[in-house]
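Residue strings, one per chain:
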Amino acid sequence: MKQYLLYVLFVLALGSMVALVVNVFGEDQEETPLAAAIETDLEELPETFAVLSETFDEPIADSDIARIKKLASNPDLDEADVHALGTIDVIFEGRPTTLTLETEAYREDGTYLYLYLFGEPDVVKALDERIMAYYEELGI
């Protein structure tokens, strides 16, 4: 009987250690959201959004572009840090969807931006395909 109790105690201790290791090291990692990225100069932002608008059923609103340009031109933005620019509502293949925009700003010769666009996977993939086609048109 003593051996049986020691065996049960050993199995319980071993099971507790395994559960502890799983809880400490096996936590779910946050899923990285899918994003499309494009590089642009601050002054060329309206043209960049015109290219991106070709992906959607309707062009991105001028008011959204002006708001994003104003936020991105803020001199208080730290360089090489990612900053949220907000969201824009678009219509993709007949359904409304929202894109979240973030940017990294660099100010060596003017203001240069890396725009990151987050949204539903099919929208992001379509944006990425359009961006790649745009880069091919430019010979990049």
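Structure's up top.
Quick notes on the rules
Residues numbered from 1 in each chain as written. Predicted model: local features only at pLDDT ≥ 70, side-chain atom pairs only at ≥ 80, totals over all residues. Heavy atoms only, no water. Helix = DSSP H or I, 4+ residues; strand = E, 2+ residues; numbered from the N terminus. Buried < 20%, exposed > 50% of the residue type's maximum accessible area, 1.4 Å probe, protein only. Contact = heavy atoms within 4.5 Å. Areas by Shrake-Rupley, 256 points an atom, 1.4 Å probe, with all protein chains shown as cover.

### Observations concerning the overall build of the protein
For step 1, the next point in the chain: Across its full length, the protein holds four helices and four strands.
For step 2, the next point in the chain: In the protein, which comprises 140 residues, the share counted as buried stands at 30%.
For step 3, the next point in the chain: In the protein, the proportion of contacts linking residues at least 24 apart, taken out of those at least 6 apart, comes to 56%.
For step 4, the next point in the chain: Counting every atom, the protein has about 9,500 Å² of accessible surface; 56% of that belongs to carbon and sulfur.

### Description of unusual backbone geometry
For step 1, the next point in the chain: At Glu93, a residue that is not glycine, the phi angle is positive and equals roughly 50°.
For step 2, the next point in the chain: By the secondary structure assignment, Glu93 is in the loop between β2 (82–92) and β3 (95–106).
For step 3, the next point in the chain: With relative accessibility at 61%, the residue Glu93 sits in the exposed group.

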